[in-house]
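Breakdown of the fold
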Amino acid sequence: MKKIPALALAVLLVGACSAYTVINAGPYRVSEAFSVDPQITWSRYRIGRIETWSIDGYRLHSLRFVDGVENGQNLMDLKEDDVPLFDSGMTATEVQELVVDTLSNIGAVNVEGSNLEPIDFGSFPGFRFDLTFLTEEGLEMEGIAAGTIYEAKLYLILYTGARQHYFPNYRDHVLQIIDSVEKNP
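Residues numbered from 1 in each chain as written. Predicted model: local features only at pLDDT ≥ 70, side-chain atom pairs only at ≥ 80, totals over all residues. Heavy atoms only, no water.

1. Comments concerning the nonpolar core
Counting residues in hydrophobic clusters, the biggest one holds 53 residues, and the most contacted among them are Trp53, Leu63, Val99, Leu103, Leu131 and Leu154. Setting aside residues up to four positions removed in sequence, Leu103 forms contacts with Ala108, Val111, Leu131, Phe133 and Leu158. (Core = buried A, V, L, I, M, F, W, Y, C linked by side-chain atoms within 4.5 Å. Buried < 20%, exposed > 50% of the residue type's maximum accessible area, 1.4 Å probe, protein only. Contact = heavy atoms within 4.5 Å.)

2. A look at the pattern of salt bridges
Following the criterion strictly, the structure yields eleven salt bridges and no others. In this structure, the salt-bridge partner of Glu51 is Arg46, at a minimum N-O distance of 3.1 Å. Its salt-bridge partner being Arg59, residue Glu137 comes within 3.3 Å of it at the nearest N-O pair. On the criterion of sequence distance, the pair formed by Glu137 in the loop between β8 (124-134) and β9 (140-150) and Arg59 in the loop between β5 (50-54) and β6 (61-69) is long-range, its members being 78 residues apart. On the basis of relative accessibility, which here comes to 51%, the residue Glu137 falls in the exposed class. Salt bridges linked by common partners bring Arg44, Arg46, Glu51 and Asp67 together as one network. (Salt bridge = Lys/Arg side-chain N within 4 Å of Asp/Glu carboxyl O. Helix = DSSP H or I, 4+ residues; strand = E, 2+ residues; numbered from the N terminus.)

3. A short note on the pairing of strand β10 (residues 153-162)
Taken across its ten residues, β10 has ten buried, putting it largely inside the fold. Two elements, β6 and β10, share seven bridges in a ladder whose sense is antiparallel. By the bridge assignment, Arg64 is partnered in β10 with Leu158. Where β9 meets β10, ten bridges bridge the pair, whose relative direction is antiparallel. (Pairing = 2+ DSSP bridges.)

4. Quick look at unusual backbone geometry
Notably, Gln39 is not glycine yet its phi reads approximately 70°, a positive angle. Structurally, Gln39 is set in the loop between β3 (34-36) and β4 (42-47). Gln39 sits in the partly exposed class, given a relative accessible area of 29%. Unlike most non-glycine residues, Asn115 shows phi in positive territory, near 55°. Along the chain, Asn115 falls in strand β7 (residues 109-121). Residue classification places Asn115 among the exposed residues on the basis of a relative accessible area of 52%.

Below, the structure written as C-alpha cells:
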C-alpha cells in the first residue's frame, strides 16, 4: 500500500488549522446523524466528512469524527487507489481491521487493534476497541475507536494520542464523549 508522507499530512493539517473554531461543553452536532457533549473546550476543524478536535495540538492528540462512510469509500477521504474501503456488510472485527489498515496506510507503524467489545452507540448497537502504534518518527501512540453502522454508513469516533501524557490525560473525557452520543432528530 502507498503511504502518505508525514510532510504531506502535516501540510494538510496546517492548512486546515487556519480555519479552526472553538467549541465548548454542551450538545454539539458532530455528524449528519449524531451529536455529542464535548465535556470540555476543544479546538476543531473539518475537512470533508471528517471533523477533528484537539486541545494541545493535532500531532500530539486528536479526536476524529468520521461522518457517514458509504460503501466503496475509505475512512480518510484519501485519493489513493490502494487504500482499504468500507463495506456496509462489515462486522465489527472487519471495521477494526479497516481502521488498523487505514492508519498503517497513512504512515503509522506496527498498528494493533485490541479489546474489541460491543457497546451502545447512542441508541444503536456499536463497537469499541483500543489501538497502539508508532508514528513514523517513533512516538508511541494509543487510541480508542468507537462507532456503529447505521443506515448502511459507518460513523466512527477515533481518538489517538501520545502514550506518555496526552492519551492518558484525555482518555476519560473521550470515553465520556463516546457515552454522550445521541442520534439527531
